[in-house]
Amino acid sequence: MAINTITAEHKYIMGDNDSKNDARRMAFLEAKRRVLEKSGSFIETLTEVRNYQLSKDEIKSYSAALLKIETTKEKWSFVGENMAITVFVKALIDTSFIEKQFKKIKGSSVTQKKIKDQQDQLSKLEKIVVKLQKELGSKDTPEVAVLRKERNVVFKQIDALQAKKIAIMEKINILSKNIDLIEIGMTLGEVKSLLGKPRSNRFTGYNYGRYWIVIEGGIVNCINEIERAHCQSHCQSSCPKFK
């Protein structure tokens, strides 16, 4: 297991209409963008990841979804008469974990779409924050109060999307863990109690992301992972992959 630390920082100079917390959040947004850019470039160089034939945009989206960005330090200073904050952040990249998670994501078109949509929304919201910030720097009251309120609403939307990101990845991990509990001979009801409702079903096969569960005679006859070259010989005739 190799763990690499990627770091970045950003200095934000406070405007007349900024609070310290406003400045902190703006500095973090830019520092986070920088560390994700560097992390995406690093991950792209991994031979194992290249084998998944991911585009740069996919790597960027999946990295942003997987990596936890932490603030390691903040430093306050003065730039002329204005206060400034420098926020230092880091991302820990466990290459083994990243490879496994990318494999899970590539096995689920639904998860891929959710992550892409989420990252697109985050990008749009962050651009709105930057736009509002520029407007705040050139406005006087009472417009300032309105713009600050709008910016706070956008910050809350960003926080909500970050929470959804965590939920998406937790769902992937839960499915991966529970699939190991499925055994030949289980009933469909027992499968659903562990994995939930299948994404789709075809013939006798029930799809859970990159897995197909084949039910014959009311019980599990085959557990097939899509990436594998073939099923076990005893279920090739019934697996939807061979229809």
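To keep things clear, this report deals only with the structure shown in the data block.

Reading guide: rules and limits
- In every chain, residue numbers begin from 1 and rise along the written sequence.
- With the structure being a predicted model, the display of local features is reserved for residues of pLDDT at least 70 and the display and counting of side-chain atom pairs for 80 or more, all residues being used for whole-chain, interface and lining totals.
- Side-chain calculation: all heavy atoms of the structure are included, whereas hydrogens and water are not.
- Strands are runs of DSSP state E lasting at least two residues, helices are runs of H or I lasting at least four, and both sets are numbered from the N terminus onward.
- Only protein chains enter the area calculation, which uses a 1.4 Å probe; residues under 20% of their type maximum are buried, those over 50% are exposed, and those in between are partly exposed.
- The criterion used for residue contact is that any of the two residues' heavy atoms lie within 4.5 Å.
- Shrake-Rupley sampling with a 1.4 Å probe provides the accessible areas, and residues are treated as covered by the protein chains on show and by no other component.
- Under the pairing criterion, centres of Phe, Tyr and Trp rings, with the six-membered ring standing for Trp, must be within 6.5 Å; the plane angle then separates stacked pairs below 30 degrees from edge-to-face pairs above 60, leaving the rest tilted.
- We call two N or O atoms a polar contact when they sit within 3.5 Å, provided that within protein one can donate a hydrogen and the other can accept it, with sequence-adjacent residues counted only if both atoms are side-chain atoms.
- Residue count minus one, scaled by 1.5 Å, sets the expected span of a helix.
- The working definition used for a salt bridge is a side-chain nitrogen of Lys or Arg within 4 Å of a carboxyl oxygen of Asp or Glu.
- Note on definitions: angles span 0 to 180 degrees between N-to-C directions of axes, and those axes are lines fitted to C-alpha atoms, for helices only across the stretch in contact.
- Each angle receives one of four descriptions, namely roughly parallel if under 35 degrees, roughly antiparallel if over 145, roughly perpendicular if within 65 to 115, and oblique otherwise.
- Just so you know the grouping, Ala, Val, Leu, Ile, Met, Phe, Trp, Tyr, Cys and Pro go in nonpolar, Asp, Glu, Lys and Arg go in charged, and all remaining residues, Gly too, go in polar.
- What makes a crossing left-handed is the near helix being turned counterclockwise from the far one by less than a right angle; a clockwise turn instead makes it right-handed.
- Only buried residues count toward a nonpolar core. Its members are Ala, Val, Leu, Ile, Met, Phe, Trp, Tyr and Cys residues joined through side-chain atoms within 4.5 Å.

## A look at the overall build of the protein chain
What the protein chain contains, in helices and strands, is 7 helices and 7 strands. Secondary structure elements of the protein chain occur, N-terminal to C-terminal, as β-α-α-α-β-β-α-α-α-α-β-β-β-β. Of all 243 residues assigned to the protein chain, the portion counted as buried reaches 42%. Contacts spanning at least 24 positions in sequence make up 61% of the contacts within the protein chain whose residues lie at least 6 apart. A total of about 13900 Å² of accessible surface is found on the protein chain, and carbon and sulfur atoms cover 52% of it.

## Observations regarding the packing of aromatic side chains
According to the stated counting rule, one finds 1 aromatic pair in the structure shown. Centre to centre, the rings of Tyr62 and Phe102 are 5.7 Å apart; their planes meet at 70 degrees, and the pair counts as edge-to-face. Of the two residues, Tyr62 is situated in helix α3 (residues 56–66) and Phe102 in helix α4 (residues 95–106); the sequence distance between them amounts to 40 residues. Comparing Tyr62 with Phe102, the two get one shared label, buried.

## Some details on the environment of Arg24
Within the secondary structure, Arg24 is located in helix α1 (residues 20–44). Looking at Arg24, the relative accessible area reads 28%, which means it is partly exposed. Taking the C-alpha atoms as reference points, Arg24 and Tyr12, 12 residues apart in sequence, are found 7.9 Å from one another. If we skip the residues at most four places from it in the chain, Arg24 touches Glu74, Trp76, Ile85 and Val87. Here Glu74 takes part through its side chain, which lies 2.9 Å from a polar atom of the side chain of Arg24.

## With respect to the side chain of Gln119
Tracing the sequence through the fold places Gln119 in helix α5 (residues 109–136). Residue Gln119 is classed as buried on the basis of its relative accessible area, which comes to 14%. Among all residues touching Gln119, those that are not within four sequence positions of it are Ser61, Ala64 and Ala65.

## Brief notes about α4
Because an α-helix completes one turn every 3.6 residues, residues spaced three or four positions apart along the sequence face the same direction. Look at α4: 16 Å from first C-alpha to last across 12 residues, which is about the 16 Å you get at 1.5 Å a residue. Of the positions making up α4, those classed as buried are Thr95, Ile98, Glu99, Gln101, Phe102, Lys104 and Ile105. The opening residue of α4 is Asp94, an N-cap whose side-chain oxygen sits 3.1 Å from the backbone nitrogen of Ser96.

## Here we look at the pattern of salt bridges
When the charged atoms of two side chains with opposite charge come close together, those side chains can pair. One pass over the structure, following the stated rule, counts 12 salt bridges. Across the pair Glu70 and Lys68 runs a salt bridge whose closest N-O atoms are separated by 3.9 Å. By relative accessible area, Glu70 is classed as partly exposed at 32%. Judged by relative accessible area, Lys68 falls into the exposed class, the value being 62%.

## Here we look at the packing of α3 against α5
The contact between α3 and α5 brings their axes to 9 Å, and the two run at 85 degrees. Overall, the two elements α3 and α5 adopt an arrangement that is roughly perpendicular. Residue-level contacts link Ser61, Tyr62, Ala64 and Ala65 of α3 to Gln112, Ile115 and Gln119 of α5. For the contact of α3 with α5, the per-class residue count stands at 4 nonpolar, 3 polar and no charged.

## Description of the packing of α3 against α4
Packing of α3 against α4 brings their axes to within 11 Å, and their N-to-C directions diverge by 115 degrees. Taken as axis vectors, α3 and α4 run roughly perpendicular relative to one another. The hand of the α3/α4 crossing is right-handed. For the pair α3 and α4, contact is made by Glu58, Ile59, Tyr62, Ser63 and Leu66 and by Ile98, Gln101, Phe102, Ile105 and Lys106, respectively. Grouping the constituent residues of the contact of α3 with α4 by class yields 6 nonpolar, 2 polar and 2 charged.

## A word on the nonpolar core
Of all hydrophobic cores here, the largest spans 44 residues; its most connected members are Val35, Ile43 and Leu67. Among the elements of the structure, β1 (3–13), α1, α3, β3 (82–94), α4, α5 and α6 (143–179) are those that each provide at least two residues to this core. Broken down by element, this core gets its largest block of residues, 9 residues, from α6. Those residues in contact with Leu67 that sit more than four places away from it in its chain are Leu36, Ser39, Ile43, Ala91, Leu92, Ile93, Ile98 and Lys165.

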